[in-house]
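Structure assessment
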Amino acid sequence: MSTAVQVSADELRDAATRIFTACGVPPDDAWLVADSLVQADLWGHQSHGVLRVGWYVDRLRAGVMNAETTCEIVAGSGAVATLDGHDGIGQVVAAHAAEEAIGRAKRHGVGVVAVRNSNHFGTAAYFTRMAPPRGCVGVLTTNSSPAMAPWGGRGKLVGSNPWSIAAPVDADRQMVLDIANTGVARGKIYLARNHGTEIPDGWAVDAAGLPTRDPEEALLGTVLPMAGHKGYGISVMMDVLSGVLSGSGFGSGVHGPYQSEHRGRSGHLYLALDIAAFGPVQEFGDRMAALVAELKSGSREGAEEVRYPGEIEDLAAARNARDGLLLPERTLADLRKVAASLGVDGLGVDGLGER
């Protein structure tokens, strides 16, 4: 099993920002991408954290993802728009889409932005969480490179195609769902590989279609859908919303961050709903509070308190920000290697995780 090393979130964010800036990414964009990855680590989702820095760098160096992101509105009017990300960085494109959708929602009650020609953007929750502070509910769908076989079929043809919904609970808290439609995100298999641990039964099959607990074999095979045919069906429909509707890639036409030979061609759909357009904001808040209270009333005596969606991540973020992040040594070693290859040195890189 790989050794876990403690590192501060600020140090990690600084290191990742420096790395992306060295690749020609504008400073503000570099910070956004770094922050999105470190935030995933803080939430406890290391599969979508700085583990991915090297993959993004490879794509930037290969030229299949542009360091300078240009977002262009190419269609739509009123509440609706289609945004072309021109092969820019997924996080930067998704942030533009979020701002565009939220702005339109504040003017029209609803804002819908379809995105084409984007890339992997990390955790969807990072972007849906932008909506509640602006008085909106945020919904984001995306497609991804094929990871599982169609139900009853074979071969990698269907992506995990994650989606997220975020709604305000009160001024400080949000209820947030962020899930993939596979039983597990493929990044968690990479994380298990970095930890040097087996994966649980039911996560994946190997290249021969046989169940496996070996992460290396799983990465050569396919990930299994959540809830059987239901996960498959939801994933296909997320591709309709994200890829077919937007005019972006779909199905096998989408290429993920794990390779640097092909353009991503990821598509997204961001939906923002202005709560005030549906009724009194205070009434919405009262109803959300009542929902949370009802969920927590279901806690079993002597067991851990029931958590609403997103609460576990918020608790983890507070704890990890205070105590520091524990990351696999392999993840930090990979980060140092990428930094060295770019000539990046100084505080937050050379000694990262080595004290």
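Residues numbered from 1 in each chain as written. Predicted model: local features only at pLDDT ≥ 70, side-chain atom pairs only at ≥ 80, totals over all residues. Heavy atoms only, no water.

- Named according to an unreviewed UniProt entry, the chain is Ldh family oxidoreductase originating from Actinomadura chibensis.

**Focus: the overall build of the chain**
- Counting secondary structure elements, the chain contains eleven helices and 13 strands.
- Oriented by its inertia axes, the alpha-carbon framework of the chain measures out at about 55 × 55 × 50 Å.
- Looking at the chain residue by residue over its 355 residues, the buried ones come to 53%.
- Contacts in the chain between residues at least 24 apart in sequence constitute 67% of all its contacts with a sequence separation of at least 6.
- Charged side chains in the chain number 31 positive and 41 negative. The centres of these two groups are separated by 3 Å. (Helix = DSSP H or I, 4+ residues; strand = E, 2+ residues; numbered from the N terminus. Buried < 20%, exposed > 50% of the residue type's maximum accessible area, 1.4 Å probe, protein only. Contact = heavy atoms within 4.5 Å. Lys, Arg positive; Asp, Glu negative; His and termini not counted. Charge placed at Lys NZ, Arg CZ, Asp CG, Glu CD.)

**Details of the domain arrangement of the chain**
- By the assigned domains, the chain splits into domain 1 (1-62 + 324-354), domain 2 (69-179 + 237-313) and domain 3 (184-223).
- Ranking the residues of domain 1 by area buried against domain 2 places Leu-32, Trp-43 and Arg-59 at the top, with a combined share of 39%.
- Across the domain 1-domain 2 interface, the total number found is zero salt bridges.
- For the pair domain 1 and domain 2, the interface holds ten residue pairs in polar contact (both at pLDDT 80 or more).
- Taken together, the elements giving at least two residues each to the side of domain 1 that touches domain 2 come down to helix 2 (27-42) and helix 3 (53-62).
- Considering each element in turn, the side of domain 1 that touches domain 2 owes the most residues, nine residues, to helix 2.
- A breakdown of the residues in the side of domain 1 that touches domain 2 according to their chemical character gives eleven nonpolar, four polar and five charged. (Domains from an automatic or database assignment. Buried area = accessible area lost by both parts, 1.4 Å probe. Salt bridge = Lys/Arg side-chain N within 4 Å of Asp/Glu carboxyl O. Polar contact = N/O pair within 3.5 Å; in protein donor to acceptor, adjacent residues only side chain to side chain. Nonpolar A, V, L, I, M, F, W, Y, C, P; charged D, E, K, R; others polar.)

**Things to note about the sheet that holds strand 2 (residues 72-75)**
- The strand order 2-3-4-12-5-8-9 describes an open sheet built from seven strands, whose pairing is mixed. The open sheet terminates on both sides in strands that have one partner only, identified here as strand 2 and strand 9 (174-179). Between one strand and the next, the sheet's axes are offset by a mean angle of 20°, whatever the strand orientation.
- As paired strands, strand 2 and strand 3 (residues 80-84) are joined by three bridges and run antiparallel to one another. (Pairing = 2+ DSSP bridges. Axes fitted to C-alpha atoms, helices over the stretch in contact; angles between N-to-C directions.)

**Considerations on helix 11 (residues 329-341)**
- Here helix 11 contains 13 residues, and its C-alpha end-to-end distance of 18 Å stays within 8% of the 18 Å for a straight helix at 1.5 Å per residue.
- Those residues of helix 11 lying buried are Thr-331, Leu-332, Leu-335, Arg-336, Val-338 and Ala-339. Considered in projection along helix 11, the buried side chains sweep an arc of 160° and stay on one side of the axis. Helix 11 presents Lys-337 and Ala-340 as exposed residues on the side facing more than 90 degrees away from its buried surface.
- Looking at the buried side of helix 11, the elements it contacts are strand 1 (4-7), helix 1 (9-22), helix 3, helix 6 (186-195) and strand 13 (325-328).
- Once helix 11 finishes, Gly-343 follows within two positions and takes phi at roughly 75°, a positive value. (Expected span 1.5 Å × (residues − 1). Arc of directions from axis to C-beta.)

**Observations concerning the nonpolar core**
- Membership of the largest hydrophobic core comes to 58 residues, with the highest contact counts inside it found for Leu-12, Phe-20, Val-53, Leu-60, Phe-127 and Tyr-270.
- Looking at which element gives the most residues to this core, the answer is helix 4 (residues 90-108), with nine residues.
- Residue assignment places this core across two domains, with domain 1 (1-62 + 324-354) and domain 2 (69-179 + 237-313) each supplying three or more.
- For Phe-20, the contacting residues outside a window of four places in its chain are Val-25, Ala-30, Val-33, Ala-34, Leu-37, Val-53, Tyr-56, Val-57 and Leu-60.
- Formed by twelve residues, the second largest nonpolar core is a distinct cluster that contains Ala-147, Tyr-190, Ala-204 and Val-223. (Core = buried A, V, L, I, M, F, W, Y, C linked by side-chain atoms within 4.5 Å.)

**Here's the deal with the packing of helix 1 against helix 3**
- Put simply, helix 1 and helix 3 touch, their axes get as near as 10 Å, and they point 10° apart. On the basis of the axis angle, helix 1 is roughly parallel to helix 3. The residues of helix 3 that touch helix 1, namely those facing Ala-16, Ile-19 and Phe-20, are Val-53, Tyr-56, Val-57 and Leu-60.
- Residues belonging to the contact of helix 1 with helix 3 are distributed by class as follows: seven nonpolar, no polar and no charged. (Parallel < 35°, antiparallel > 145°, perpendicular 65-115°, else oblique.)

**Here we look at the side chain of Arg-129**
- Relative to the helices and strands, Arg-129 resides in the loop between helix 5 (125-128) and strand 5 (136-142).
- Given the relative accessible area of 15%, Arg-129 is considered buried.
- When neighbours within four sequence positions are excluded, Arg-129 is seen to be in contact with Trp-43, Ala-166, Gln-174, Val-176, Gly-310, Glu-313 and Asp-314.

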